[in-house]
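Topology and contacts: notes
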Amino acid sequence: MPIQLTVAVLLILSAIGYWIGRQRAMSVSGGRVASLHSVPNYYGSFVAVWAGIPALLLVLFFLMLKGPVIEMLVLGAMSPDAVLSWAKASISPNDFQALSTAGIAGADALAETQRNLMMINIRNLATGQERFVNPAVVDALLPAAQHMQHLEATSRWSLFAICMAIAAGALFITHRKITPQFRARNNVERVVTWGLIVCSVIAILTTVGIVLSLLFESMRFFARVSPVEFLFGLQWSPQTAIRADQVGASGAFGAIPLFTGTLLIATVAMAVALPLGLLSAIYLSEYAPRRVRDTVKPVLEILAGIPTVVYGFFAILTVAPFVRDMGVALGLPVSSNSALAAGIVMGIMIVPFVSSLSDDVINAVPQSLRDGSYGLGATRSETIRQVILPAALPGIVGAFLLAVSRAIGETMIVVMAAGMAANLTFNPLDAVTTVTVQIAALLTGDQEFESAKTLSAFALGFVLFFATLALNVVALRVVQKYREKYD
Amino acid sequence: MTDIVANPIAANTGFHRTEAAEKRLRRRYAAEQRFKIYGIIAITLAIGMLVLLLFTILRNGVTAFQQTAIQLEVTLDPAVIDPKGTGNPADWDRAAFQDLVHDALYKEFPDVSRGDRRELRRMISPVAGVFLGNQVLKDPSMLGQTVSVWLPASDPINQIVKGRIDRELPEANRPVSDQQLAWLDQLRERGDSKTIFNSTFFTASDSNYPELAGLWGSVVGSIFTLAVTLVLALPIGVAAAVYLEEFAPKNKFTDLIEVNINNLAAVPSIVFGLLGLAVFLNFFGMPRSAPLVGGMVIALMSLPTIIIASRAALKAVPPSIREAALGMGASKLQTVWHHVLPLAMPGILTGTIIAMAQALGETAPLLMIGMNAFVTAPPTGLLSSSSVLPVQIYIWADAPERGFVELTSAAIMILLIFLITMNGIAIYLRKKFERRW
């Protein structure tokens, strides 16, 4: 019994419930609809809601828990012989030696990664994808695979039966409840309000999900690598050795080169974005005639709407070669993926962000300050530099911090245009790598689960998340304080 | 200046008319002009960069819509194509088509020695046989005949014809030999080489060969992903906005939700990718590279945007509407559902379209959940492996073949056209339904 069918049947039952509820309300009113507490449609919705939602929630719950529970049951029922004969063909001889001499009682004896590997084999067998399974282990795993198939089928049928029972029971009870005095509208509205609350809580759940998943995976990373080495180490080369005696692949997880690289590129970006953004905001709000302002502003906004992958391509196609040629012309050694090129393009991307935020804060400066300054004979630029900018400074600082947080979290431009090697340098003509580049590099392509290399990406993500969060919180505070001052 | 001096008041305040004061004033006015010019320079630089970007993309991408083709007389020998003789296309030897193409090429240049044939073969695309095979499949009556067909030239030849590789370069510095150039010129003299419209670009999916690579698979992938995003983010976002704006009591809990939403809007997109990887893939065991997971991750990212836009739209509906509905005996929910929400809908839709346009360009989180897989066919469902437009651009930007530079630019053009259309619709909606109360 596929789950889609269960859901479809539930939806149909719910629709039938609507019709039944409405009919019932009409008949109990004895033809005088006005004697009902609520409009007939609400009685219909009342039945439909209770017939549909509890059973659908059960389906959702089932989908979330089914996988792990079935795995647990299958593993628990496996015989030690089957586990051993799988292990003989699948894990290294040394591990197998240790396993068989210890004398095992079942699948629990395997390490987590080994157990997961065996589970993948069982699952492939159970879903008929035998071609992915090593033929040597098929015989040993077949009983477990059949057990899994059996559990899958049983669970789906029992889900269907339970859902039908719940829906039918709800139909029956709600149907009986309908009388002219019954407050169907209030009941339905309470359910809808709860639905609204659940939807707004999803935002919190997302944050909790981010924090928990980053925290959890980072803890596993820090169980392998000490936090002190991660935060203060000067060398980053996440290639861990596959064999213990391998040369040059010890795996170093000192993230300082990544932090300096990120800051270097962000500094270049801000050196481009801050003057361009601030000056264009000042020109647009203080000098430009209305017509110019109305055309230039949307054009600048286009810069903000261009996807970052396009900027990345622009950086490697045009800006990086240009920077390199300039360097050659000046006799400077410039790397072909220099921090300068990536930073300039990132700065261009942030210009509209800085300019629209600055525009807001400049416009929030009260006109009386300007008038006062003009009255004393100051020119426009003197007014701007000596009155408006100091007054707007907290807001501009806030905008600056928000832009920095943008620059730090930006991924695609640096993935495409910045380097991969973690150089500890402050020279913008060299290639540096950033936190986001490393996260992307570590988690795309083939991943080894459970390795420090893969987990280190989550630790980097953790640092990134909290750095940007802190910047944002501080920036919003500053901006808010500033707004209150002039409101 | 002279008539100002003649002004009795100015003349009396002689302090401001000294030589030094005049100089000071000139300096101040010059500073004023300079400051104004700085602003103009800043704007010109920013807009200039935008123009440069668009120009670069356009110049590089326009040629991708053309493909150099070579006309060959191919003899479609059934004994070679269908060695089993069953007549069933499933039994055809697909690799044989490429050999037939090569044979036709040798016939076109009969006086080429055996040793030079390798170089001659490099004139035609290594996947020309695929194109030929598809043509024969469409029209099996061609089998056994000698037909003249247009087949794509190899990538270096294609780049030379379009002028993207300079043929005046020394031979060692270009991927095409002098001999090949001579053959190309012969072909063009005979009218056996021309550029044709590159329809493959719009109908095929990813490929290792630029001649065979197209955008269709990733466009379908993007549509699937955006559909999931829209179905999840729009109802949840609007519901959350309605609750926060119309129902929520002012307390710590709702404050927490609000702070949360504002902070989520500023979380780097790659962190959402990490969330998707850790929760959807590793914890719930959902498939990698699937539009369903991509859509879910992007829905979480777009939620804050949609909620903020929807709240602004709800706030813009004047309280008098609510009061009138409540006064007529409507319940709070009826008021919102029947009156406030319909009036706020244009604003909500505008915000949603803008959020969708952002979602369409999003790349980094999708890399985390494996949507950069090499997929050569459009996805067939929400769970099948797929790529999306911006990720396809990222993959092609990394490819070493020269032909992918123009394909990347052309793909960017298509992406930008989608974005401009979506934003245009949003602006149109806003203009059309904008209402001042």
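Predicted model only: the values in this text are computed from it and were never measured. (Residues numbered from 1 in each chain as written. Chains lettered and ligands numbered in written order. Predicted model: local features only at pLDDT ≥ 70, side-chain atom pairs only at ≥ 80, totals over all residues. Heavy atoms only, no water.)

Bringing helix α2 (residues 40-77) of chain A into the picture now. Between its terminal C-alpha atoms α2(A) stretches 54 Å, which fits the 56 Å expected from 38 residues at 1.5 Å a residue. Of all the bends in α2(A), the greatest reaches close to 45° and is centred on K66(A); the proline P68(A) follows between one and four positions later. (Helix = DSSP H or I, 4+ residues; strand = E, 2+ residues; numbered from the N terminus. Expected span 1.5 Å × (residues − 1). Bend = angle between axes of the 7 residues up to and from the residue.)

On average, residues of chain A score 86 in pLDDT, and 95% of them are at 70 or above. Per-element mean pLDDT across chain A ranges from 75 in helix α4 (residues 93-102) of chain A up to 94 in helix α9 (residues 256-287) of chain A. (pLDDT = per-residue confidence, 0-100.)

Right, let's talk about the domain arrangement of chain A for a bit. Residue and element names in this part refer to chain A. Considered domain by domain, chain A is made up of domain 1 (3-182), domain 2 (184-224) and domain 3 (252-486). Averaged C-alpha coordinates put domain 1 and domain 2 at centres separated by 22 Å. Each side of the interface is counted separately: domain 1 has 10 residues, and domain 2 has seven residues. Each partner contributes to the roughly 720 Å² buried at the junction of domain 1 and domain 2, and carbon and sulfur atoms together form 70% of this total. One can count zero salt bridges joining domain 1 with domain 2. The tally of links from domain 1 across to domain 2 stands at four residue pairs in polar contact (both at pLDDT 80 or more). Taken together, the residues that form the side of domain 1 that touches domain 2 break down as seven nonpolar, three polar and no charged. (Domains from an automatic or database assignment. Contact = heavy atoms within 4.5 Å. Buried area = accessible area lost by both parts, 1.4 Å probe. Salt bridge = Lys/Arg side-chain N within 4 Å of Asp/Glu carboxyl O. Polar contact = N/O pair within 3.5 Å; in protein donor to acceptor, adjacent residues only side chain to side chain. Nonpolar A, V, L, I, M, F, W, Y, C, P; charged D, E, K, R; others polar.)

Ranked by internal contacts, the top residues of the largest apolar core, which has 179 residues, are I210(A), Y311(A), I439(A) and L460(A). With sequence-adjacent residues up to four places away left out, L460(A) is seen in contact with F230(A), W236(A), A255(A), L258(A), V435(A), Q438(A), I439(A) and L442(A). Counting residues in each nonpolar core, the second largest holds 36 residues, with L76(B), W92(B), L184(B) and L187(B) among its members. (Core = buried A, V, L, I, M, F, W, Y, C linked by side-chain atoms within 4.5 Å. Buried < 20%, exposed > 50% of the residue type's maximum accessible area, 1.4 Å probe, protein only.)

As a further point, take the side chain of T308(A). Residue and element names in this part refer to chain A. Within the secondary structure, T308 is located in helix α11 (residues 308-330). A relative accessible area of 15% places T308 in the buried class. Discounting residues that sit within four places of it in the chain, T308 has contacts with M349, E410, M412 and I413.

Here we come to the interface of chain A and chain B. Listed by partner, the interface residues are 76 residues for chain A and 71 residues for chain B. For the pair chain A and chain B, the two sides together bury roughly 6,300 Å², of which 80% comes from carbon and sulfur. Together, L196(A), F313(A) and F314(A) form the three largest contributors to the area buried by chain A at its contact with chain B, with a combined 9%. Joining chain A to chain B, the criterion identifies one salt bridge. For R28(B), the salt bridge goes to E382(A), with nearest N and O atoms at 2.7 Å. The tally of links between chain A and chain B comes to nine residue pairs in polar contact (both at pLDDT 80 or more). The leading source of residues in the side of chain A that touches chain B is helix α7 (residues 184-224) of chain A, at 17 residues.

Enumeration over the complete set of coordinates arrives at 19 salt bridges over all chains. Between R322(B) and E246(B) there is a salt bridge, with the nearest N and O atoms lying 2.8 Å from each other. Placement of the pair is R322(B) in helix α15 (residues 319-327) and E246(B) in helix α11 (residues 216-247), with a sequence separation of 76 residues. In this structure, R322(B) and E246(B) share a single accessibility class: buried. Because the salt bridges share partners, they merge into one network encompassing K66(A), E152(A) and R156(A).

At a minimum axis distance of 9 Å, the contact between α7(A) and helix α12 (residues 252-264) of chain B shows a crossing angle of 60°. With respect to α12(B), the axis of α7(A) lies oblique. Here α7(A) and α12(B) pass one another in a crossing that is left-handed. Residue-level contacts link S200(A), V201(A), A203(A), I204(A), T206(A), T207(A) and I210(A) of α7(A) to F253(B), L256(B), I257(B), N260(B), I261(B) and L264(B) of α12(B). (Axes fitted to C-alpha atoms, helices over the stretch in contact; angles between N-to-C directions. Parallel < 35°, antiparallel > 145°, perpendicular 65-115°, else oblique. Left-handed = near helix turned anticlockwise from the far one by under 90°.)

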